Amino acid sequence: MSMRDFVNLVKEEYEKNRKRCDLSGKMRKLIDWNQAAESYLDFDGEKIRGMVRLEAFKPDSCNMLRLDDGSGEASIMYENMWDLTPDTDMLIELPENYSFETAIADLIDNSLQAVWSCSPGNRRLISVDILEDRISVFDSGPGMDSSKENSIAKWGKIGASMHRSHKPKAIGGKPPYLMPFFGMFGYGGAYACMHLGMRTLVSSKTKQSNKVFTLQLNKEALIDNRSTSGKNWKVDGGMRDPLEEEMKLSPHGSFTKVEIFEWECKIPEIYQLQCILKDIYFPYIQCDEVSKTGRTLRPVEFQVHGEDLTEIVGGEVATTNLNSKGEEFSFQIRFCAKRKGTSQEANARLKFVYFPIVHGKESIDIIMETLEKEGYKVSESFQTFGRVSVRRLGRLLPEVPWASIPFMERGAIASTLQKCCQRVKCFVDLDAGFVPTPSKTDLANQNLFSVALKNFGSKSKEKENDVSMVIHREGKSLTYGQVDQSYHDWVLKMHKSYDEEDALGEDEATVIFDSLANKALCISPDCQAVRVHKVMKRKGKSWERGQKIRIMKGACAGVHKNDLYATIDYFLIENFEDETGGDARIICRQINFSEAEGCMLSTINGISKLELRKSYSLPISIIDSEKCVLIDENEWKRKLVRQIEKDPSTIDLLDERDCRTLNLTGETTIGASVCAGETPPQQIVAVVRPASFTSSKLSKKLDQKHIVKMDGEMLMEVKVQGTYMNRVEKIAKLLYCDRCFPTNRVGIHGLYIFPLESKFPHMFKKSGTYTFSFSVGSSVSCEKKVTVKPSSKVGSWKLGGFVKTMNVRVGSSLPPLSIYCYDEYRNPIPFTSVPSLEVKLKASPGFEVPIYKIEANLIDWGVLELKNMLVETDRLDQIRPDYNATLEICSKDDPFSTSYRFNVEPGPLKSVVENNPQALENLLPDSTVENYILEMFDGYNNHVEEGTDVSFCMNGFCILDSRGLDQKVDSDGCIDLSGILKVTAGYGNPVSLAIMSGKKEIFKKESQVEMRELRLFKELPEYCTAGTNLTNLIFKVTDSVGIMDTRINNDDKSQSFHTLSIDSDSCSVDRTTRYAFVHGSCKITSLSLPDTEGVFSFKVFHSRHPKLHMNLKIQLTSSAQTSERDEIGSFEPNPRIYLTPQSKINSTTNPWVTPTQQTPSSQSQFRLLSIKEMSSAIGSQTAPVDMSQLNDFTEILKAKLNSYGERILKVNERLKCLEAKQEEALQELSALQASLEPIGVSFPECLSTKESMMKHIEEKHHNTAASVFCSLYRNSPAPKSQLLSKQGAFGIVALLGSVCSTSLSRVLSEYLGEDTMLALVYKSSRLIQDSDRKLQAEAARLERSITTRFRVKCLSAKSRWIGGVVENDPQRKLDMDDPQLTDGGPIPGFKGYAVNMIDLAEEELRIKTHDGYGLRETLFYSLFGKLHVYETKAQAEEALDYIGGGDGAVSLDGFVANGDEVIRPGCSKTEIHFPITVRENEEEKWSNLEAARGRVRRVEKEIEEERCSLLKLEKKMTKANERYESATKLSLES
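Residues numbered from 1 in each chain as written. Predicted model: local features only at pLDDT ≥ 70, side-chain atom pairs only at ≥ 80, totals over all residues. Heavy atoms only, no water.

### Focus: the overall build of the protein chain
Consideration 1: For the protein chain, the helix and strand inventory stands at 30 helices and 82 strands.
Consideration 2: Among the 1534 residues that make up the protein chain, the fraction classed as buried is 45%.
Consideration 3: Taking the intrachain contacts of the protein chain between residues at least 6 apart in sequence as the baseline, contacts between residues at least 24 apart amount to 69%.
Consideration 4: Total accessible area on the protein chain stands at roughly 80400 Å², and carbon and sulfur atoms take up 48% of it. (Helix = DSSP H or I, 4+ residues; strand = E, 2+ residues; numbered from the N terminus. Buried < 20%, exposed > 50% of the residue type's maximum accessible area, 1.4 Å probe, protein only. Contact = heavy atoms within 4.5 Å. Areas by Shrake-Rupley, 256 points an atom, 1.4 Å probe, with all protein chains shown as cover.)

### Some words on the environment of Lys719
Consideration 1: Here Lys719 is to be found in strand S37 (residues 714-724).
Consideration 2: Residue classification places Lys719 among the partly exposed residues on the basis of a relative accessible area of 34%.
Consideration 3: With 14 residues separating them along the chain, Lys719 and Lys733 place their C-alpha atoms 5.3 Å apart.
Consideration 4: Other than its neighbours up to four places away in sequence, Lys719 contacts Ala732, Lys733, Leu734, Leu735, Thr769, Tyr770 and Thr771.

### Observations regarding the packing of helix H10 (residues 316-323) against helix H11 (residues 363-373)
Axes are the key here: two packed helices are described by the angle between their axes and the distance separating the axes.
Consideration 1: At a minimum axis separation of 10 Å, H10 and H11 run at an interaxial angle of 150°. Crossing angle aside, the handedness with which H10 passes H11 is right-handed. Contacts between H10 and H11 pair Glu316, Thr319, Thr320 and Asn323 from the former with Ser363, Ile366, Ile367, Thr370 and Leu371 from the latter.
Consideration 2: When the residues that make up the contact of H10 with H11 are grouped by side-chain class, the tally is 3 nonpolar, 5 polar and 1 charged. (Axes fitted to C-alpha atoms, helices over the stretch in contact; angles between N-to-C directions. Left-handed = near helix turned anticlockwise from the far one by under 90°. Nonpolar A, V, L, I, M, F, W, Y, C, P; charged D, E, K, R; others polar.)

### Section: a nonpolar patch on the surface
Consideration 1: A contiguous nonpolar surface patch, about 270 Å² in accessible area, is contributed by Met1, Leu9 and Leu54.
Consideration 2: With respect to the secondary-structure elements, Leu54 resides in the loop between strand S2 (46-48) and strand S3 (66-67).
Consideration 3: Using a relative accessible area of 47% as the deciding quantity, one classes Leu54 as partly exposed. (Patch = residues over 30% accessible without salt bridge, like charges linked within 9 Å, V, L, I, M, F, W, Y side chains within 5 Å. Salt bridge = Lys/Arg side-chain N within 4 Å of Asp/Glu carboxyl O.)

### Considerations on the pairing of strand S10 (residues 255-263)
Consideration 1: The buried fraction of S10 is high, at 7 of 9 residues.
Consideration 2: Where strand S6 (residues 134-139) lies against S10, 6 bridges are found, and the strand directions are antiparallel. Residue Phe138 lies in a different strand from S10, and its bridge partner there is Lys257.
Consideration 3: Across 8 bridges, strand S7 (residues 197-205) lies against S10 in antiparallel orientation. Note on S10: the bridge partner recorded for Gly197 is Trp263. (Pairing = 2+ DSSP bridges.)

### Remarks on the sheet that holds strand S63 (residues 981-983)
Consideration 1: Sheet architecture is open: 3 strands sit in the order S57-S63-S60, paired in antiparallel fashion. Each of the sheet's edge strands pairs with one partner strand only, and the pair in question is strand S57 (928-929) and strand S60 (957-959).
Consideration 2: Summarising the sheet, S60 and S63 pair through 3 bridges and their orientation is antiparallel. Residue pairing for S63: Ile959 is matched across the bridge by Leu981.

### A word on helix H3 (residues 100-116)
Consideration 1: In this model, H3 (17 residues) spans 24 Å end to end at C-alpha, consistent with the 24 Å of a helix rising 1.5 Å per residue.
Consideration 2: A large share of H3 lies buried, amounting to 15 of its 17 residues. (Expected span 1.5 Å × (residues − 1).)

### Considerations on the packing of aromatic side chains
Consideration 1: This structure, assessed with the given rule, holds 33 aromatic pairs.
Consideration 2: Judged by centre distance (5.5 Å) and plane angle (20°), the rings of Tyr281 and Phe302 are stacked. Pair noted here: Tyr281 is in the loop between helix H8 (270-280) and helix H9 (282-285) and Phe302 is in strand S11 (residues 301-304), with a separation of 21 residues, a long-range link. Across the pair, exposure class does not vary: Tyr281 and Phe302 are buried alike.
Consideration 3: Ring centres of Phe456 and Tyr480 lie 5.7 Å apart, and the angle between their planes is 80°; this geometry places the pair in the edge-to-face category. In this pair, Phe456 is assigned in the loop between helix H13 (448-454) and helix H14 (459-462) and Tyr480 in helix H15 (residues 480-498), connecting sequence segments 24 residues apart.
Consideration 4: A connected cluster of aromatic rings, assembled from ring pairs, spans Phe329, Phe331, Phe352, Tyr354, Phe407, Phe456, Tyr480, Tyr487 and Trp490.
Consideration 5: Directly above the ring of Phe261 sits Arg199, whose terminal nitrogen or CZ lies 4.4 Å from the centroid.
Consideration 6: The ring of Phe1101 has Lys1099 lying over it, and the distance from NZ or CZ to the ring centre is 5.5 Å. (Phe/Tyr/Trp six-rings, centres within 6.5 Å; stacked < 30°, edge-to-face > 60°. Lys NZ or Arg CZ within 6 Å of the ring centre and 35° of its normal.)

### Considering the environment of Arg531
Consideration 1: Within the fold, Arg531 resides in strand S24 (residues 530-533).
Consideration 2: Once the C-alpha coordinates of Arg531 and Glu574 are considered, the two residues, 43 residues apart in sequence, prove to be 6.4 Å apart.
Consideration 3: At a separation of 3.4 Å, a polar atom in the side chain of Arg531 contacts the main-chain carbonyl oxygen of Glu574. (Polar contact = N/O pair within 3.5 Å; in protein donor to acceptor, adjacent residues only side chain to side chain.)

### Observations regarding the pattern of salt bridges
Consideration 1: This structure, assessed with the given rule, holds 45 salt bridges.
Consideration 2: Between Arg240 and Glu246 there is a salt bridge; the shortest N-O distance is 2.8 Å. Residue Arg240 shares its accessibility class with Glu246, and that shared class is buried.
Consideration 3: Between Arg1012 and Asp1045 there is a salt bridge, with its nearest N and O atoms 2.8 Å apart. Here the residue Arg1012 occupies a position in the loop between strand S65 (1000-1008) and strand S66 (1013-1016), and Asp1045 occupies one in the loop between strand S68 (1029-1038) and strand S69 (1059-1063), the gap between them amounting to 33 residues.

### A short note on the nonpolar core
Consideration 1: Counting residues in hydrophobic clusters, the biggest one holds 74 residues, and the most contacted among them are Val1293, Leu1308, Leu1415, Leu1419, Phe1420, Phe1424 and Phe1474.
Consideration 2: By residue number, the principal contributor to this core is helix H23 (residues 1265-1275), which donates 6 residues.
Consideration 3: Not counting the four nearest positions on each side in its chain, Phe1420 is found in contact with Leu1296, Val1395, Ile1398, Leu1400, Leu1415, Gly1425 and Phe1474. (Core = buried A, V, L, I, M, F, W, Y, C linked by side-chain atoms within 4.5 Å.)

### Re a positive patch on the surface
Consideration 1: Side chains of Lys1053, Lys1221, Lys1255, Lys1260, Arg1497, Arg1498 and Lys1501 sit close together on the surface and give a patch of like positive charge.
Consideration 2: At 3 residues, helix H30 (residues 1483-1533) tops the list of elements feeding residues into the positive patch. (Lys, Arg positive; Asp, Glu negative; His and termini not counted. Charge placed at Lys NZ, Arg CZ, Asp CG, Glu CD.)

### Quick word on the confidence of the model for the protein chain
Consideration 1: Put simply, the protein chain has an average pLDDT of 81, and 85% of its residues get 70 or more.
Consideration 2: pLDDT under 50 marks residues 1120-1172. Its contacts with residues more than four places away, or in other chains, come to 105 contacts. (pLDDT = per-residue confidence, 0-100.)

### Regarding the sheet that holds S65
Consideration 1: The strand order across the open sheet formed by 4 strands is S61-S59-S64-S65, and the pairing between neighbours is antiparallel. A single partner strand is all that each edge strand has here, and the edge strands are strand S61 (966-968) and S65. Strand-to-strand twist of the sheet, defined as the mean angle between neighbouring strand axes without regard to direction, takes the value 25°.
Consideration 2: Where strand S59 (residues 949-955) lies against S61, 3 bridges are found, and the strand directions are antiparallel. Directly across from Asp949, in S61, lies its bridge partner Lys968.

### Let's talk about the side chain of Ser389
Consideration 1: Note that Ser389 resides in strand S17 (residues 388-392).
Consideration 2: Residues in contact with Ser389, not counting those within four places in the same chain, are Leu396, Lys425, Cys426, Phe427 and Val428.

### A look at H11
Consideration 1: Along H11, the residues classified as buried are Ser363, Ile364, Ile367, Met368 and Leu371. The buried side chains of H11 occupy one side of the element, clustering within an arc of 145° when seen end-on. Across from the buried face of H11, at angles greater than 90 degrees, the exposed residues are Glu372 and Lys373.
Consideration 2: Contact partners of the buried residues in H11: H10, strand S15 (357-358) and strand S16 (361-362).
Consideration 3: Two residues or fewer after H11 comes Gly375, characterised by a positive phi angle close to 105°. (Arc of directions from axis to C-beta.)

Listed below in structure tokens is the structure:
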């Protein structure tokens, strides 16, 4: 449509309306329609020219267009722009009592609802300004425009609320229910504006709109133009651009501003208005409850007159919060009501706050005083103070008229509980289920939920309500009884914690906090301390200790019948001075009690103590009620005189005549003296006499006026002070105690009757003084004394004095003993004469030794003393080893005796007897004596006591155990030297053994080591060629008759070393070579002779017993006139034996070396065959050959071939036997390994103990530092070696600790590597620098050498664990947190940290650095760190994402991840690994396993030796065969 056509349509419509309506009667501007057609349309800031496209406008909605007529005069306000005609039904619900505060709050309600819907991040601002010409309410809410759904007209149209539909969303949720959907009726904004002023301008803008739309309300126009009989409410409006200030307040571009002009109402002062608005909207201004972080939140930014309300410290809410104390008590209630088929719900949160009394002043009074100073009109008192504050959806309902609710009212009148409940205020938070009044200042009275809440706690009105209630607190559903009890406990807790009563002591307080009698003092059961005052100020009046008072009847509990006259003792205030909640009490004593009987305050060693005694503890409220008054001295004296005459004074015991008068039968009196065993009287009757009773009134002593009627009970105590001989016990002991209440007989009251004979018929048994004490309380008492004498009839004997267990040696006298005589009731009586005695020692059946030497005499007070009793017997072996015996002393004439247990010990060592004298015959050097036991006797032929020290003197002997020459006697009285007495003397030397007792020799045994001789089996040749060898020299050790001693046998395993050495001046003889004896003989296969002619002398001797020797000589010549030598081994001209460093012993047990047959010539010489020359001749095949020598050489080779063949057959047979033996040993080993499942089933090669691993390192890694350490450890433990001292090396990584399974042993050992596993561990870093030198020195001492590099670890290194260990863990494992997945769950397959999976033995746990760190915190943590151990490879790989950098992971199936390096599982075998932990029940299995392994190793070694021997024989046979063929060929050719 063209612009002109559109303008013509507008013109037609304008003219129609102008004629139909009288707009205002004022002059209007003429419109130039032609110019307008040439101008433009303004649509929301967009200018439309030429053509109007109707599709650009929104259908079914109001589109605001502004036509420019080209005059240049623009208008921003238009008449009757907005239609505000309300629903007529809404007009009846207009609020009645409106105030300025109520009206401004209605406007703020609209703003609060608007800003609450702001997008996150947008500013939530409500600003109220009271200016001279206007009242402005600005909010940064979403704003309004001209659209149908968001029209600004709805703001001013009654009943057009946009928030009433949101009410269901505000039901439920969490307290304090901050959901500001306050809209109920839709007239709050318009009606509030009309109440506040004559004219209102509303300006609003949305984010989408570029223009600000305005609406103007005129109070008079609206009132005159009410919607009646078809009239409409229309108001002016317009559009404009937003102001810079408006956009600054709302940066996101939307807002609403309500400006009220020509205001008429009375406006409060700005500060009061700020306080009032802060009270009404406090949770929206600042709130702690909705914060998840605990910080105070500001849901909405409130400003009044440019000031932020969070900075305002005044107001009722803020003042109330400042004066509350302690924790709050709260719970929630869900209300449900069903009516006419509909269900309604509402929720309330009741929060109770305690306002204590502080320094005697109520906090509520302080609040009211503060509010009054701030300008509030306060007409309430403490009693009428409103104790309920109600908020609906966080908005205060200031006019709820409830002073309290029934739930808060409890406790009796004037009780402490009632007083405390009056200090509680309830803050009620409601959701939208509760209905307010139209002015939103109160709750609707007839609403079911309001009524139910108002009557909560009233049992009578709960039944009248149709509302059900569910109570829950802290998420738990509770019954009313549970909540009621919790509230009761909370009130008392607050009282005790914070109330500071106004009872003040005017003197310095004495604090009592030890041994408080809370119940007697009538103070709180949980009170821990009280302050005691002598002067107290109460209600402006001072009260002092010692004042006389009269307490009127009915003043308090305990004062009912009569007035109570008393004296003030002290005043009590509960708790310490800086604590709160304590009540005050007054301590006073009745007139009839003296000051000594009253309350006593004492201080001993700085600790004060309060004893109530006869005083009373009364509440301080008796002073407040004015029922406690002071009395003068005269009145007190008159009352005291009358009281004394009636007070009880003494206790009197009635005699037998008085008892008969009272019809009491039986004996009732006690004599002054009785004999032990007499029966006590049947009963004792006692009465209490008043102070007025005197001796002149004895004739009337049964008159009632002379017997006090008592209410309390009487105590009778009987104490005895025994006599012993002529001494009296210092302390009397309580024998009997009884209590009884008064009774009456024949009309006489106040009789205390104590039955005695029926309750304690055997009272008079012990001799001494009996004191009968009678008392009523602590002021009235009497005593009666009775002396009991011993009986004359003898009852028993007994050893006197304190006799401890004695040890008496045989042959000595017993110490003096005292025997006392007692009567039949065990009272001591004197002996009248020395009786005839019989004394014996008795023990086990059949042991009875009489003692004849006795001296008996009577000493002081008839005591029988025995002394000089000599003990002699040779039968102590019968009561060995404890030597317990009983000394029995009997009378020969009377049946009386006594006994005493003691120990009779043997005397000192006097003689020694051999049980096998022949054991010291036929002695040999280094042998141990078998079956040789020495019996030790005292002077009475008793074996001496076990543990007796015995000193030996020996010559040619030594004792192999740790005690050496100082031995101890065993339990049989012997010293067993079997197997430990070793011969150290050589052959033929004398030996002796002696035993000393002090410096005296009491036993000596002499013997001699057997004689032995060293002999040559065959004579030496007389001549030998210089430079040749003597072969097959055999030496034998024989006894004196020439029989060979086969026991001379070298055996390394049994450490039986028998070797032969050769000594000579010739350099051709190797003096370091040792030749082993085999069962008495020693064979020297070859002995090199010097190259020079002459006499060759040499000496052969036993290496350890040089006396066994032979000096030999032989003539060396250059001719070949000697006998033929044995040709075995003659292929080398000078064969010598080189030995390994371990033994230096040439084993001559090789079975393949056989002696050559020797045929002597007529000259008794050896015939020599020059094999070397013959071999050279055969090899060259050119030199001339002697045929006779060639034939001899051929025969020799033939014999050798036959010998080699036979020996090869024998070796093969032995190999078959050894292989069968190996298979059997392997099967046994496999079975033992299977028995140790599951620890050894995975990798049996890792199934090792510490000992076997140490032996493996020593043997298989011979030239390493670890091997040297193992040798030192096994053969030379600390402190013999400096290397093994406490500051030096103390272990190898592989041998420190053990693990639980072979799979774990394998993977951890593979993770560390062999070099680390063999590293030496030092405790101190000081010795590391010098470690190489020391190790080489130790290796040289062991005739070893270290040829490889080695690593060293030190405990004092910096890498250590400082996070502590697991508490009470015997293994002291490191306190490490298990790894977790991202969701906090455990990682699957995690077995533990490697550092905690090492088991440490007890001695390893004791190894610590100087600052207390153990092996696990230092060594193993530096090796493993936080290395993870998992079950499988897959689990370890999955866990790598959750493992910290550098920690690493391994799995039991062989996966290793160390940093960037990953090792996949395979079949690798770790030769050096951690030992397996040996459990207590598996020691025998491990022992059998090691024995089986030893058998397998021995068999393997034997097989290896046999195969090596076989290989050598085959080589020799091949070589000999080649020479034989060559010799045969040469013989044939010749």
